[in-house]
Structures are given as structure tokens and as C-alpha cells.
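# An overview of the molecular structure
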Amino acid sequence: MPMPGPGPAPWEYTLYIPHDPRAVGICRRALRDILTTHHLPALLEPAELLASELLGNAIRHTKGPAALKLRQSGPSFRLGAWDTDPTPPPTTYPRTHDEHGRGLRLVDAYADDWGWFQVSAASGAAGKYVWCELDAKSGPG
């Protein structure tokens, strides 16, 4: 029986965006193109939802630019949003019917894992990076 191949090569994209709510939709379209190109159709809907929430928070709660970072390595697909505010994201979520405050609850529900870390000024882009992961085993490889 032949040994399985090493799988697809790892890849990574970073989309830098201005502080403009329209940029979230532009990133969603780019994300769809990237996942389609890399043969990961099963990730389209959850990744779009998660990217919209993370980038929406970055635009809504900060005054500076933001970035969407996408990476696949092995069975995991990671997406995250960088913004200029080093303040930690909330770890408790309001139980209201209000639209605000639900974003990270959705991330927590849909992602296989998520977290955040502060980014130091020494790296040239101080702020925070909020990331989440999805299982990418449904793709080829």
C-alpha cells in the first residue's frame, strides 16, 4: 500500500486594510478566492463568518488600520485579525438580543480554537492579534 503524500504545502496570506467598514466585504471576497484556489470549499462559510466577526471588531473598536491573516499548515487553517488596540478582547459575552457583543461568542461557537496576543511596538505594528482555527482536513491531501 503506498504511503500518503506529505499533503499540500503550507501557505499564508496577509491582507492589510484601511480603517473603512467596506474593507470587511473586500476581505471576505478575497478570502473566498483564496480558499477556492486552495481547494477548501468546506471552509468557505465558516471562514467568512469568522473573518467578518474578527475584522468587524477590529474596525468597530479601533481607529487605525487592520489586517486579515490566513494560514494553512497541515490539517489546520488559521485566520486572524490584527488591529492597533492592545486591549484584550472580552472573555465574557453579554446574553442579550442586541447585535453588539455577539462577535466573539460566534467565534467561540464556530472555531475549533481561538485566542489572542498583544503585538509589541518592536515588531513595527503594535496592537493585538485575535486568531481562530478551523479543521482543514476536508481539503485535498
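You'll find the structure just up there.
The structure contained in this document is the topic of the report that follows. (Residues numbered from 1 in each chain as written. Predicted model: local features only at pLDDT ≥ 70, side-chain atom pairs only at ≥ 80, totals over all residues. Heavy atoms only, no water.)

## Let's talk about the packing of helix H1 (residues 22–37) against helix H2 (residues 44–61)
- Axis separation between H1 and H2 bottoms out at 10 Å; the angle between their running directions is 150°. As judged from the angle between their axes, H1 and H2 are roughly antiparallel. The hand of the H1/H2 crossing is right-handed. Seen from H1, the contacting residues are Val24, Cys27, Arg28, Leu31, Arg32, Leu35 and Thr36; seen from H2, they are Leu44, Ala47, Glu48, Ala51, Ser52, Leu55, Gly56 and Ile59.
- Of the residues that constitute the contact of H1 with H2, the class distribution is 9 nonpolar, 3 polar and 3 charged. (Axes fitted to C-alpha atoms, helices over the stretch in contact; angles between N-to-C directions. Helix = DSSP H or I, 4+ residues; strand = E, 2+ residues; numbered from the N terminus. Parallel < 35°, antiparallel > 145°, perpendicular 65-115°, else oblique. Left-handed = near helix turned anticlockwise from the far one by under 90°. Contact = heavy atoms within 4.5 Å. Nonpolar A, V, L, I, M, F, W, Y, C, P; charged D, E, K, R; others polar.)

## A closer look at the pairing of strand S2 (residues 66–73)
- Note: strand S1 (residues 11–17) against S2, 7 bridges, orientation antiparallel. For Leu15, the partnering residue across the bridge sits in S2 and is Leu68.
- Here S2 pairs with strand S3 (residues 76–83) via 8 bridges, running antiparallel. Paired with Ser73 across the strands is Ser76, a residue of S3.
- Taken together, S2 and the strand that follows it, S3, pair antiparallel across an intervening segment of 2 residues, in which Gly74 is found at a positive phi of about 65°. (Pairing = 2+ DSSP bridges.)

## Here we look at unusual backbone geometry
- One non-glycine residue, His39, lies in the positive phi region at around 60°.
- Accessibility expressed as a relative area gives 52% for His39, which makes it exposed. (Buried < 20%, exposed > 50% of the residue type's maximum accessible area, 1.4 Å probe, protein only.)

## Brief notes about the pattern of salt bridges
- Under the criterion given, the structure shown has 5 salt bridges.
- Between Lys69 and Glu12 there is a salt bridge whose closest N-O contact spans 3.6 Å. Here Lys69, found in strand S2, pairs with Glu12, found in strand S1; they are 57 residues apart in sequence, far enough to count as distant.
- Judged by its relative accessible area of 31%, Lys69 is partly exposed. (Salt bridge = Lys/Arg side-chain N within 4 Å of Asp/Glu carboxyl O.)

## Some thoughts on the packing of aromatic side chains
- Scanning all chains against the criterion turns up 3 aromatic pairs.
- Judged by centre distance (5.4 Å) and plane angle (65°), the ring pair of Trp11 and Tyr13 falls under edge-to-face.
- Among the residues examined, Trp11 registers a relative accessible area of 10% and is labelled buried.
- With a centroid separation of 6.0 Å and an interplanar angle of 45°, the aromatic rings of Trp11 and Phe77 are classed as tilted. Of the two residues, Trp11 is situated in strand S1 and Phe77 in strand S3; the sequence distance between them amounts to 66 residues.
- With relative accessibility at 0%, the residue Phe77 sits in the buried group.
- Each residue in the set Trp11, Tyr13 and Phe77 is aromatic and connected to the rest through ring pairs, giving one cluster.
- The ring of Trp131 carries Arg78 above its face, with NZ or CZ at 3.9 Å from the centroid. (Phe/Tyr/Trp six-rings, centres within 6.5 Å; stacked < 30°, edge-to-face > 60°. Lys NZ or Arg CZ within 6 Å of the ring centre and 35° of its normal.)

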